[in-house]
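Structural characterization, general
Chain residues, written in single-letter form:
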Amino acid sequence: MTLVLQLLPLLLLSRALGDPGASLNGHPGDRVNLSCIGVSQPTRWVWAPRFPACKGLSKGRRPILWASPSGTPTVPPAQPFAGRINALDLGIRRLELLLSAGDSGTFICKGRQEEESRTLHVLGDRAYCKALGSSYSQILIPLLGAGLVLGLGVLGWACWRRRRSPPHPPEPTPRFALSPPHSSTRESRAPEARRGGRAQDARGPGSGAGKGLGTGGGW
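A brief structural summary.

Criteria and thresholds
- Residues numbered from 1 in each chain as written.
- Predicted model: local features only at pLDDT ≥ 70, side-chain atom pairs only at ≥ 80, totals over all residues.
- Heavy atoms only, no water.
- Pairing = 2+ DSSP bridges.
- Helix = DSSP H or I, 4+ residues; strand = E, 2+ residues; numbered from the N terminus.
- Axes fitted to C-alpha atoms, helices over the stretch in contact; angles between N-to-C directions.
- Salt bridge = Lys/Arg side-chain N within 4 Å of Asp/Glu carboxyl O.
- Buried < 20%, exposed > 50% of the residue type's maximum accessible area, 1.4 Å probe, protein only.

1. So, the sheet that holds strand 2 (residues 31-35)
The sheet built from three strands is open, its strands ordered 2-6-5 with antiparallel pairing. Only two strands of the sheet have a single partner each, and these edge strands are strand 2 and strand 5 (85-87). Put simply, the sheet's adjacent strands are angled 25 degrees from each other on average, direction ignored. Of the strand pairs in this sheet, strand 5 and strand 6 (residues 94-98) are connected by three bridges, and their pairing is antiparallel. Bridge pairing in strand 6 links Ile85 to Leu97.

This is the structure we're talking about:
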């Protein structure tokens, strides 16, 4: 009996907030409540989109709300739910979300060691995101085709210009002036010849003078 009385408030609270395992359904423009019951101290909420391309996102989880020590939950300004999600209590156990197309996915309430997830289905998301993807394809494919044609045209024009341009003349081979091997010998012998001539000139008058004096003595 005591156990039943202890569990009764939790059962009433879960009934009031909804079954955590049940899926939520809504249309764009509706307001839905996301509850977190099985987590003792929620620290943040994350979202795994079902159709990420519909929001221009990649696959994977991304945080959408954090608990703050100041008591005011933090909502990243760049995330898709900015301006559409509000915490109904300071413990971020309950959130109110204004639905928009492409919001379908899994909302996960994370604590320090445990987590709890809620699945949200926005009615019409599949058809909307499929049509959006096809419209993107209708725009993207022609743009890619035009870019490919333009790139091939530029490449062909560059090849045509290269073929029409005259070939570059070959660079001249550098030539080095080499002196003949005997030129250094001649240059080295020239000073010796000059020195020899000077010595002979110096000896010539002396010997001639001696002979002259000797002859004169005879006379």
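2. Here we look at the pattern of salt bridges
In the structure shown here, the tally under the stated rule is five salt bridges. One salt bridge connects Arg31 with Glu96, and the closest N-O pair in it is separated by 3.7 Å. Of this pair, Arg31 sits in strand 2 while Glu96 sits in strand 6; the two residues are 65 residues apart in sequence, bridging distant segments of the chain. Here Glu96 falls in the partly exposed class, since its relative accessible area comes to 22%. With a shortest N-O distance of 3.9 Å, Arg61 and Glu115 are connected by a salt bridge. Of this pair, Arg61 sits in the loop between strand 3 (44-49) and strand 4 (62-66) while Glu115 sits in strand 8 (residues 115-122), and the two are 54 residues apart along the sequence. Residue classification places Glu115 among the partly exposed positions, given a relative accessible area of 42%. Salt bridges linked by common partners bring Lys55, Arg84 and Asp103 together as one network.

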